[in-house]
Amino acid sequence: PTYEGDYENNTTNEMTLSSSEGGGGGAGAEASTTKVVVKVGKNTERETVTASVVSTTVQSPSSSRSSSSYKMTNDDDEDEITDDTISDVNVDTEVGSGGGHSGKKSKKRNTPSRSSSPTRSRSPTNTTFTKKQKPPNPYDDIKYTIVTNDGKHPSLILLVGLKSLFAKQLPKMPKEYIARLVFDRRHTSLALLSTDPQHKGGDEEVIGGICYRAYPEMRFAEIAFCAVSASQQVKGYGTKLMNLLKRHAVAIGVEYFITYADNYAIGYFKKQGFTKSISMPKGRFQGLIKDYDGGTMMECYVHPSIDFTRVPEMIKAQRNFIMERIRLVAKSHKVVYPPLPKGWTPNLDGVSRANEAAARAMAIPGVAEAGWTMADLLSSTGGAKDADRQKNYIKSELLSIVRRTEEQQFAWPFREPVDTTEVLDYLEIVKDPIDLSTIEKRIRRGDWYKSKQMLYADLMRMVNNCKLYNDSSSPYYECAVQLEKFLGTIFPDM
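**Description of helix α1 (residues 153–169)**
Then step 1. If you check α1, its first and last C-alpha atoms are 25 Å apart, about what 17 residues at 1.5 Å a residue would give, namely 24 Å.
Then step 2. Along α1, the residues classified as buried are S155, L158, L159, G161, L162, S164, L165, F166 and A167.
Then step 3. Packed against the buried residues of α1 are β9 (144–147), α2 (175–182), β10 (187–193), β11 (206–215) and β12 (220–228).

**Re the packing of aromatic side chains**
Any pair of aromatic rings gets described here by the distance separating the centres and the angle formed by the planes.
Then step 1. As enumerated under the stated definition, the model contains eleven aromatic pairs in all.
Then step 2. One Lys or Arg, K240, reaches over the ring of Y237 and ends 5.7 Å from the middle of that ring.

**Some remarks on unusual backbone geometry**
Then step 1. Positive phi values are uncommon outside glycine, yet R219 reaches one of about 60°.
Then step 2. Topologically, R219 is positioned in the loop between β11 and β12.
Then step 3. Positioned with a positive phi, V234 is a non-glycine residue whose angle comes to about 60°.
Then step 4. Residue placement: V234 occurs in the loop between β12 and α3 (237–252).
Then step 5. By relative accessible area, V234 is classed as exposed at 87%.

**Digging into the pattern of salt bridges**
Then step 1. Going through the model one piece at a time under the given rule, you end up with 15 salt bridges.
Then step 2. For the salt bridge of D307 with R310, the shortest nitrogen-to-oxygen distance reads 3.9 Å.
Then step 3. In this structure, E440 engages R444 in a salt bridge whose closest nitrogen and oxygen atoms are separated by 3.1 Å. Here E440 pairs with R444, and both are found in helix α11 (residues 436–445), just four residues apart, close to one helical turn.
Then step 4. Classification of R444 by relative accessible area gives partly exposed; the value is 42%.
Then step 5. One network of salt bridges, with partners in common, ties together D432, R442, D458 and R461.

**Some remarks on a nonpolar patch on the surface**
Then step 1. A cluster of nonpolar side chains, contributed by F321, I322 and I326, occupies part of the molecular surface with about 300 Å² of accessible area.
Then step 2. Relative to the helices and strands, F321 resides in helix α6 (residues 311–329).

**Topic: the sheet that holds β10**
Then step 1. Taking strand neighbours across the sheet as the criterion, the six strands line up as β9-β10-β11-β12-β13-β14 in an open arrangement whose pairing is mixed. Because the sheet does not close on itself, it has two edges, and the strands there are β9 and β14 (296–301). Pairs of neighbouring strands in the sheet enclose a mean axial angle of 25°, with direction left out of account.
Then step 2. In terms of strand pairing, strand β13 (residues 256–261) meets β14 through six bridges, oriented antiparallel.

**A word on the environment of F285**
Then step 1. Take F285: it is sitting in helix α5 (residues 282–285).
Then step 2. Considered as a pair, F285 and I258 are 27 residues apart in the sequence and their alpha carbons are 9.0 Å apart.
Then step 3. Ignoring any residue separated from it by four or fewer positions in sequence, one finds F285 in contact with F220, I258, I278, M280 and M297.

**What to know about the side chain of R415**
Then step 1. The topology assignment puts R415 in the loop between α9 (382–406) and α10 (426–429).
Then step 2. A polar contact is formed between the side chain of R415 and the side chain of T296, at a distance of 3.5 Å.
Then step 3. Discounting chain neighbours no more than four positions away, the residues touching R415 are N263, G294, G295, T296, E406, Q408, D435, L436 and S437.

**Quick word on the confidence of the model for the chain**
Then step 1. Chain-level statistics for the chain give a pLDDT mean of 77 and a share of 72% at 70 or above.
Then step 2. The low-confidence segment residues 16–35 (pLDDT under 50) makes 58 contacts with residues lying over four places distant or belonging to another chain.

**Quick word on the side chain of R310**
Then step 1. Structurally, the position occupied by R310 is in the loop between β14 and α6.
Then step 2. The class of R310 is buried, set by a relative accessible area of 16%.
Then step 3. Within the structure, R310 has its side chain in polar contact with the side chain of E313 (distance 2.8 Å).
Then step 4. Leaving out residues up to four positions away in the same chain, R310 has contacts with K134, P135, P136 and N137.

**Concerning the environment of T259**
Then step 1. Considering the arrangement of structural elements, one finds T259 in strand β13.
Then step 2. Separated by 39 residues in the primary sequence, T259 and M298 place their C-alpha atoms 5.5 Å from one another.
Then step 3. Separated by 3.1 Å, the side chain of T259 and the backbone oxygen of I223 make a polar contact.

**Description of the state of the cysteines**
Then step 1. According to the stated counting rule, one finds zero disulfides in the structure shown.
Then step 2. C479 takes part in no disulfide bond, and the closest cysteine sulfur, belonging to C466, lies 7.2 Å away.
Then step 3. C479 sits in the buried class, given a relative accessible area of 7%.

Analysis parameters
Residues numbered from 1 in each chain as written. Predicted model: local features only at pLDDT ≥ 70, side-chain atom pairs only at ≥ 80, totals over all residues. Heavy atoms only, no water. Helix = DSSP H or I, 4+ residues; strand = E, 2+ residues; numbered from the N terminus. Expected span 1.5 Å × (residues − 1). Buried < 20%, exposed > 50% of the residue type's maximum accessible area, 1.4 Å probe, protein only. Contact = heavy atoms within 4.5 Å. Phe/Tyr/Trp six-rings, centres within 6.5 Å; stacked < 30°, edge-to-face > 60°. Lys NZ or Arg CZ within 6 Å of the ring centre and 35° of its normal. Salt bridge = Lys/Arg side-chain N within 4 Å of Asp/Glu carboxyl O. Patch = residues over 30% accessible without salt bridge, like charges linked within 9 Å, V, L, I, M, F, W, Y side chains within 5 Å. Areas by Shrake-Rupley, 256 points an atom, 1.4 Å probe, with all protein chains shown as cover. Pairing = 2+ DSSP bridges. Axes fitted to C-alpha atoms, helices over the stretch in contact; angles between N-to-C directions. Polar contact = N/O pair within 3.5 Å; in protein donor to acceptor, adjacent residues only side chain to side chain. pLDDT = per-residue confidence, 0-100. Disulfide = S-S within 2.5 Å.

Here it is as structure tokens:
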């Protein structure tokens, strides 16, 4: 059978089943056409619907038309069919006793196809539509809404609640500024709502929110405020709030989010996929958003084909796939060695005392077979392990110093490299530029700084570069002076 036609909500649709009959398709070929009328509704949870063909109409040059009647039923003949229900199609055609294929079945699945058969009489044809179940989405239980200042009373109540939430959770932000942006008709907010009926209609109904302004023609949006109520924190609502916003962004065609994060919010935005590296062309946002002193500009790309509310499921599926591929070549889950006998002692003749631990491990059955070597074990024991521990300690200490420096209000000019495409003469004056992000990369690489003295030298070079290029009356010069005083408290002996 060949299926033609689309299914739409609340409409009556005709599904046409047609097949050509006869051997060669010449003058004697006959065609059978079946039409099934489908009523598609909105609200149903039925998963299986059967279309039964009561009779068929045979059309050929040598035959006359006969009347046809059809019936579309489900399990109890009560529920309507929805377009969501028709997601998987199984077609079973049973050929009757009038032809040479009596009792056989040909099965078609999910794709239009043509079949030929030399028979004229058919038994009823059953078409089964099966709904493909998706795992439940935990975000379906979250109550939220998208709200703008449309002047309607319910919207204004939610906007007042959002304004109060932002004012409480962002105490350093002027309340007048918060009110102006939240009630601005060009801004949109995503409000996370409490499910407690006692809070409905009050300020406590809003337990989280994000206020943003979208620029549809440039396909990006600027996040102005983001906050979760103090009583609802450490429950994962911050991540859920951002994932819901990303899902909404995909629906409205937003490709990037941009925000200015203060020192306390940088960590949160990094966890949500934001980065300090701006990949969006500057021409798309320059002149549309305002620069903020003391804030760090961050960006997040919103992939249009990702459902951000199902990221954990995606990662789990990817992990399972990788593990299955590993099991195809791995032996660790197939080969099981018996336990070591009580009092087992390996033969360590000729092994130095420094290598005893590695040699004892290599003597255990299965260790060498798994691919381990003495060099691998020696690198994780003894002196090598102590050296790694010392290296990691220095790395952790230096990163802590850089983070403390970045958190200072006067550190904003030093967080990123100077843009030499805008400051054209910078490299003519400053021969050896340095900044906090470059220093952090060097620390994480692990082979640049051997001591705190080396870090102090780079930080002071950063201060001196700023003083060299900027006039003593500029705010940049003042930041360099304050940073130098701060470094004196961290490195008192230098």
